[in-house]
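# Residue-level structural notes
In case you want the letters, here they are:
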Amino acid sequence: MGSNMEFQVSNAEETQALAQKLASYLKPQDLILLDGDLGAGKTTFTKGLAKGLGIKKNVKSPTFTLIREYHEGRLPLYHMDVYRLEDTGGADLGLEEYFNGEGVSVVEWSQFVADELPAQYLVVKLLKDETDDDKRTLVFEPHGAHYEQLIANL
Ligand code: ADP
Ligand code: MG
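Residues numbered from 1 in each chain as written. Chains lettered and ligands numbered in written order. Predicted model: local features only at pLDDT ≥ 70, side-chain atom pairs only at ≥ 80, totals over all residues. Heavy atoms only, no water.

## Observations concerning the coordination of the magnesium ion (ligand 2)
Using the following cut-off: Counted as coordinating are nitrogen, oxygen and sulfur atoms within 2.8 Å of the metal, or 3.2 Å for Na, K and Ca, while water is not included, which may make sites look incomplete. Secondary structure elements are taken from DSSP: a helix is a run of H or I of four residues or more, a strand is a run of E of two residues or more, and numbering for both begins at the N terminus. Only protein chains enter the accessibility calculation, which uses a 1.4 Å probe; a residue is then buried when its area is under 20% of its type maximum, exposed when over 50%, and partly exposed in between.
Coordination of the magnesium ion (ligand 2) by the protein involves Thr43 (OG1) and Glu108 (OE), with metal-donor separations of 2.2 Å. Separated by 65 residues along the polypeptide, Thr43 in helix 2 (residues 42-52) and Glu108 in strand 5 (residues 104-108) bring together distant segments of the chain. The pair Thr43 / Glu108 is uniform in exposure class, with both members buried.

## Notes on the packing of aromatic side chains
Note the following rule: Centre distance within 6.5 Å is the pairing criterion for rings of Phe, Tyr and Trp, where only the six-membered ring of Trp is used; planes under 30 degrees apart are then read as stacked, over 60 as edge-to-face, and the remainder as tilted.
Applying the stated criterion to the full structure yields six aromatic pairs. Ring geometry for Tyr83 against Phe112: centres 6.0 Å apart, planes inclined by 65°, an arrangement best described as edge-to-face. In this pair, Tyr83 sits in the loop between strand 4 (77-81) and helix 3 (95-99) while Phe112 sits in the loop between strand 5 and strand 6 (121-128), placing the two residues 29 residues apart along the sequence. For Tyr83, a relative accessible area of 35% translates into the label partly exposed. Both rings, one in Trp109 and one in Phe112, keep their centres 6.3 Å apart while their planes meet at 20°; by these two values the pair is stacked. Taken together, Phe7, Phe45 and Phe140 form an aromatic cluster joined through their ring pairs.

## Brief notes about the site of ligand 1
What counts is decided by this rule: The criterion for a residue being near a molecule or strand is simple. One of its heavy atoms has to lie within 4 Å of it. For every accessible area listed, the method is Shrake-Rupley and the probe measures 1.4 Å; residues are considered covered only by the protein chains on display.
Neighbouring ligand 1 are 16 residues, the closest being Thr15, Gly39, Lys42, Thr44 and Asp134. Relative to its free-state accessible area of 570 Å², ligand 1 is covered by the protein chains to the extent of 73%. Of all elements in the fold, only helix 1 (12-23) and helix 2 reach the threshold of two or more residues within the shell around ligand 1. For the shell around ligand 1, the element with the highest residue contribution is helix 2, accounting for three residues.

## Description of unusual backbone geometry
Not every positive phi belongs to a glycine, and Gln29 is a case in point at roughly 75°. If you trace the backbone, Gln29 turns up in the loop between helix 1 and strand 2 (31-35). Phi at Trp109 is positive, roughly 65°, even though this residue is not glycine. Structurally, Trp109 is set in the loop between strand 5 and strand 6. According to the relative accessible area criterion, Trp109 is buried, its value standing at 13%.

## What to know about the pattern of salt bridges
The criterion, for reference: In the sections that follow, a salt bridge refers to a side-chain nitrogen of Lys or Arg positioned within 4 Å of a carboxyl oxygen of Asp or Glu.
Under the criterion given, the structure shown has one salt bridge. The partner of Lys125 in a salt bridge is Glu141, and the shortest N-O contact between them spans 2.9 Å. Linking Lys125 in strand 6 with Glu141 in strand 7 (residues 136-143), this pair joins segments that are 16 residues apart in sequence. According to the relative accessible area criterion, Lys125 is partly exposed, its value standing at 27%. For Glu141, a relative accessible area of 13% translates into the label buried.

Purely geometric numbers; function is a separate question.
Pasting the structure below:
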């Protein structure tokens, strides 16, 4: 495993800007797992990714639909929030088709589909600040050489 990269951001716009920058380096079948509590900024980060891919549509949380697809950008974006699955698992979701598809997959609450994940991905941890509501620490944790190279661009 490569070394992590850590960024401190002061507000939601900075989180989106970092995601937007990452988006410009993404390739088909890239997989990003967003890790963090409710309200940490996982969906906000995904909005930035979408912007960076040239998606103009407003990205909404797929909490109830589980998966939303966006096809208007440089690459398709598959945004998944599998919180509702909890420990029933994601075997029926057909996630593999997304992971092996033409686009970029982003998963919120990926611990609930741990068995369905491939070996290589980028984990982005979003950590809230104890004193400031708008501050976050973003930790980029690459699993695989491709993702090490990817975050070296940040
Ligand atoms: P999650 O998907 O992790 O539950 P959301 O992205 O839906 O979280 O919500 C995060 C909330 O926190 C949004 O209202 C956002 O504007 C706010 N926020 C404040 N500061 C930040 C920050 N630095 N990064 C991301 N979101 C932030
Ligand atoms: Mg969310």
